[in-house]
Amino acid sequence: MIHVENLCKKFGDLEVLKGINCHIHPQEVVCVIGPSGSGKSTFLRCLNMLETMTSGEIVIDGDHLSDPKTDINAVRTEVGMVFQQFNLFPHKSVVENVMLAPKLVRKLDKGEARKRALALLEKVGISEKADSYPEQLSGGQQQRVAIARSLAMEPKMMLFDEPTSALDPELVGEVLEVMKQLAHEGMTMVVVTHEMGFAREVGDRVLFMDGGIIEEEGDPEQIFKAPKSERTKAFLNKIL
Amino acid sequence: MIGRFDWTGVIEFLPEILKGLYYTLLISIVGLVIGFALGAVFGLGRVSKNKFAYAISTVYIEIIRGTPVLVQAIWIFYALPLIIHYTLDSVVAGIIVIAVNSGAYIAEIVRGAVDSIAKGQMEAGRSLGLNQRQTMQHIIWPQALKRMIPPLGNQFIISIKDTSLLSVILVPELIFQGRLIAANHFNAVEIYTTVAIFYLAITLTLSLILRFVERRLNVQ
Ligand SMILES: Nc1ncnc2c1ncn2[C@@H]1O[C@H](COP(=O)(O)OP(=O)(O)OP(=O)(O)O)[C@@H](O)[C@H]1O
Ligand SMILES: [Mg+2]
C-alpha cells in the first residue's frame, strides 16, 4: 500500500533522511520510534507530501509521488494525517471542522456531510460537543475531533505524528483507545509515538529510526525485548 | 473671545461645507474599498510562493510606502496624464491616490495577518486534500480577517485624514471648500473649526463602528 524506496530529504545542506526503504501493507499498523531529530516527522510528512522529497520514490496505492503528473490533492484525500498539535480550525465549530473537507473536496451536500460528521463524532465519543468550538475542548477531545476530521474523508490510511505528546497524561488513554479501535477495524496506520504500550499492543511492526535511516525494524516484542542494534538498545534503555 | 466670531454665519455656508463632506466621504469610501481589494491582492502576493507575484507586490509596497501621499497625489494628477495622454478628473485622481496609497499599507496588514496564522492550519487543510485556494479561502482568510480589523481601522482613519491633502489637486473636499469660503468671507476661525469638527466626527464614528464590530466578532 505504501512503498518507500531510497527516500532522501535534505533541508539545504542538512541531510535529514538518508535513504529510507520500507513497505507498508494494507491493514498494517506500523509504529515509528527514535530519538528527537532522527527524522520521524519528516518521514511521515514526506508520505503525504507536506515535505517534497529530495530523491527516491514513494508509491501510495499505485500513485508515484515523484511524478509531477500525480494529483497531490487526490492522494492526500486517501492519506489522513493527525498532528501533535491537533491543528483544528479555531473559527469553526467541532462539527464544521469535520464537515469542511467532505463538503469542499468530496462535494457532499451540507446535510449529508453533517450526518457523516455526527456519526464520526459519535464514534470517537464526542458527539455531545458537536456545536462547541475547539478552544472549549480538552486536548484529548480536540485530538479525537482531529481524528474524526481525517476519517471524514474516508482515507485508506492514516498517519499520526506523536498524537498524544501534547496531552496531559490522564488524557492520553482516550486518544489511544480511539486509535486502537481504528486499528482493529483494519485501518492502515503509520504512527510516530513514544507510547510503547500502544506499539506493543496494537503495532504489527516497529521501525526504529536514528540519524535519518531505519536502524532496525521488526516485531514489537522482538524490538523491545531483544533489540539487535546497539543504538536501539541504548535508545530503549533511555526511554523505558 | 467666542463673541467676536460669527458662528451663526457658518450655517449660511453649510451647503458648501456639506458638499465638501460629500466628496471627503465619497473618496474615502470608494478609495478604501478599492484599496482593500488592492491590499488583499498584493498582500497575498507577498505571502505567495510565486516569485513574480512576490516581486511585483514588494515593488508596489516599497514605492508607495517610501513616498509621501502629497507627492503621489501631485504625480497622479499632474504627471500621469502627460504619460497616458488622458486628463484625469480631480475626483477620479483623488480616488486613485487613496486607493493606491491605502492598498500598499493594507497589503502589509494582510501579509502580517496571514503570516500570523499558524503554519499548522495550512498543513491541516492541505493534508485533508483541500487545494491551496480552498485552504486560503475557508481556513486562513477568515482567521486572518479577524486579526486585520484593528490595524485596518487605523489605516482607514489615516486614509480619511489623508483625503485633506487632495485639496492640492483641486478635489472639492472638506478643507478645499473651507479654504474657498474662508478666503472670501474672512471667517477662518469659524469655518476651519467647523471643518475640523467634521473630520473628527467622521473618524470618531468609524472608531465606534470598529469597536462594535470587534466586540461582535469576539463573542462567538
Ligand atoms: N522545515 C525544516 N527546515 C530545516 N530543517 C528542518 C525542517 N524540519 C525539520 N528539520 C530538521 O530535520 C531534522 C529532523 O527533524 P524531524 O522533525 O523529522 O525529527 P523528529 O524525529 O520528528 O524529532 P522529534 O522527536 O523531536 O519530533 C531536525 O534536525 C530538524 O531540525
Ligand atoms: Mg517529530
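In what follows, the structure referred to is the one given above.
Parameters at a glance
- Residues numbered from 1 in each chain as written.
- Chains lettered and ligands numbered in written order.
- Predicted model: local features only at pLDDT ≥ 70, side-chain atom pairs only at ≥ 80, totals over all residues.
- Heavy atoms only, no water.
- Helix = DSSP H or I, 4+ residues; strand = E, 2+ residues; numbered from the N terminus.
- Buried < 20%, exposed > 50% of the residue type's maximum accessible area, 1.4 Å probe, protein only.
- Contact = heavy atoms within 4.5 Å.
- Areas by Shrake-Rupley, 256 points an atom, 1.4 Å probe, with all protein chains shown as cover.
- Phe/Tyr/Trp six-rings, centres within 6.5 Å; stacked < 30°, edge-to-face > 60°.
- Lys NZ or Arg CZ within 6 Å of the ring centre and 35° of its normal.
- Pairing = 2+ DSSP bridges.
- Axes fitted to C-alpha atoms, helices over the stretch in contact; angles between N-to-C directions.
- Parallel < 35°, antiparallel > 145°, perpendicular 65-115°, else oblique.
- Left-handed = near helix turned anticlockwise from the far one by under 90°.
- Near = heavy atom within 4 Å.
- Polar contact = N/O pair within 3.5 Å; in protein donor to acceptor, adjacent residues only side chain to side chain.
- Salt bridge = Lys/Arg side-chain N within 4 Å of Asp/Glu carboxyl O.
- Disulfide = S-S within 2.5 Å.

Engineer: I keep staring at the overall build of chain B and nothing clicks. Help me out?
Structural biologist: For chain B, the count of helices and strands is eight helices and zero strands. When the helices and strands of chain B are listed from N to C terminus, the series reads α-α-α-α-α-α-α-α. Classification of the 220 residues of chain B by burial places 47% in the buried group. In chain B, of all internal contacts separated by at least 6 residues, the share reaching a separation of at least 24 is 75%. Accessible area for chain B stands at about 11600 Å²; split by element, carbon and sulfur atoms hold 69% of it.

Engineer: Sorry, what's going on with the packing of aromatic side chains here?
Structural biologist: How two aromatic rings sit relative to each other is given by the distance of their centres and the angle of their planes. One pass over the full model with this rule turns up four aromatic pairs over all chains. Relative to Tyr23(B), the ring of Tyr22(B) has its centre 5.0 Å away and its plane inclined at 70°; by these criteria the two rings are edge-to-face. Owing to a relative accessible area of 47%, Tyr22(B) belongs among the partly exposed residues under this scheme. Judged by centre distance (4.8 Å) and plane angle (80°), the ring pair of Phe77(B) and Tyr78(B) falls under edge-to-face. For Phe77(B), a relative accessible area of 15% puts it in the buried group. Residue Tyr78(B) is classed as partly exposed on the basis of its relative accessible area of 43%. The ring of Phe89(A) carries Arg149(A) above its face, with NZ or CZ at 4.4 Å from the centroid.

Engineer: So what exactly am I meant to see when it comes to the sheet that holds strand E5 (residues 63-64) of chain A here?
Structural biologist: In any sheet, the strands associate via hydrogen bonds between backbone groups, in a parallel or an antiparallel arrangement. All names here are of chain A. Strand order in this open sheet of four strands is E2-E1-E4-E5, and the pairing throughout is antiparallel. Looking at which strands have only one partner, the edges of the open sheet turn out to be strand E2 (14-24) and E5. Here strand E1 (residues 2-11) runs beside strand E4 (residues 55-60); their pairing, made up of five bridges, is antiparallel. Each bridged residue has a counterpart across the sheet, and for Ile-2 the counterpart in E4 is Ile-60. Contacting E1, E2 and E4, helix H1 (residues 40-47) runs over the sheet at an angle of about 120° to E1.

Engineer: Can you walk me through the packing of helix H5 (residues 139-151) of chain A against helix H6 (residues 169-184) of chain A in this structure?
Structural biologist: If you want to describe how two helices pack, look at the angle between their axes and the distance between the axes. All names here are of chain A. With their axes 8 Å apart at the nearest point, H5 and H6 run at an angle of 20° to one another. Comparing their axes, H6 and H5 come out roughly parallel. Both H5 and H6 take part in a crossing whose hand is right-handed. Taken together, the residues of H6 that come into contact with H5 (itself represented by Gly-139, Gly-140, Gln-141, Gln-143, Arg-144, Ile-147 and Leu-151) are Leu-171, Glu-174, Val-175, Val-178, Met-179 and Leu-182.

Engineer: What's the story with the site of ligand 1 in this structure? I'm lost.
Structural biologist: Residues and elements named next belong to chain A. With respect to spatial proximity, the complete set of residues near ligand 1 consists of Phe-11, Leu-14, Val-16, Pro-35, Ser-36, Gly-37, Ser-38, Gly-39, Lys-40, Ser-41, Thr-42 and Glu-162. Contact between ligand 1 and Gly-37: an oxygen atom at 2.8 Å from a main-chain N or O atom of the residue. Here an oxygen atom of ligand 1 and a backbone polar atom of Gly-39 are 3.0 Å apart. In the complex, the protein chains occlude 60% of the 630 Å² of accessible area that ligand 1 would expose alone.

Engineer: Whenever I open this one, the pairing of strand E10 (residues 213-218) of chain A confuses me. Can you help?
Structural biologist: Regular strands show a simple pattern: their side chains alternate between the two faces of the sheet. All names here are of chain A. Of the pairings in the sheet, the one linking strand E9 (residues 205-210) to E10 comprises five bridges and is antiparallel in character. Looking at E10, one finds that Met-209 is bridged to Ile-214. Linkage of E9 to E10, two consecutive antiparallel strands, is achieved through a turn of two residues, within which Gly-211 is found at a positive phi near 55°.

Engineer: I tried to follow the pattern of salt bridges on my own but got confused; where do I start?
Structural biologist: Going through the model one piece at a time under the given rule, you end up with 22 salt bridges over all chains. Taking the shortest distance from any N to any O, the salt bridge between Arg45(A) and Glu51(A) comes out at 3.0 Å. Given the relative accessible area of 14%, Glu51(A) is considered buried. If you follow the salt bridges from partner to partner, you end up with Arg46(B), Arg65(B), Glu108(B), Arg111(B) and Asp115(B) in one network.

Engineer: Would you mind going over the state of the cysteines with me for this structure?
Structural biologist: Two cysteines whose sulfur atoms are joined by a covalent bond form what is called a disulfide. Going through the model one piece at a time under the given rule, you end up with zero disulfides over all chains. Here Cys46(A) stays unpaired: no disulfide links it, and the sulfur of Cys8(A), its closest cysteine neighbor, is 9.9 Å away.

Engineer: Just to check I follow, could you spell out the pairing of E1(A) for this structure?
Structural biologist: Residue and element names in this part refer to chain A. Relative to E2, E1 runs antiparallel, the two sharing eight bridges. Residue pairing for E2: His-3 is matched across the bridge by His-23. Linking two consecutive strands that pair antiparallel, namely E1 and E2, is a turn of two residues; a positive phi of about 65° is found at Gly-12 within it.

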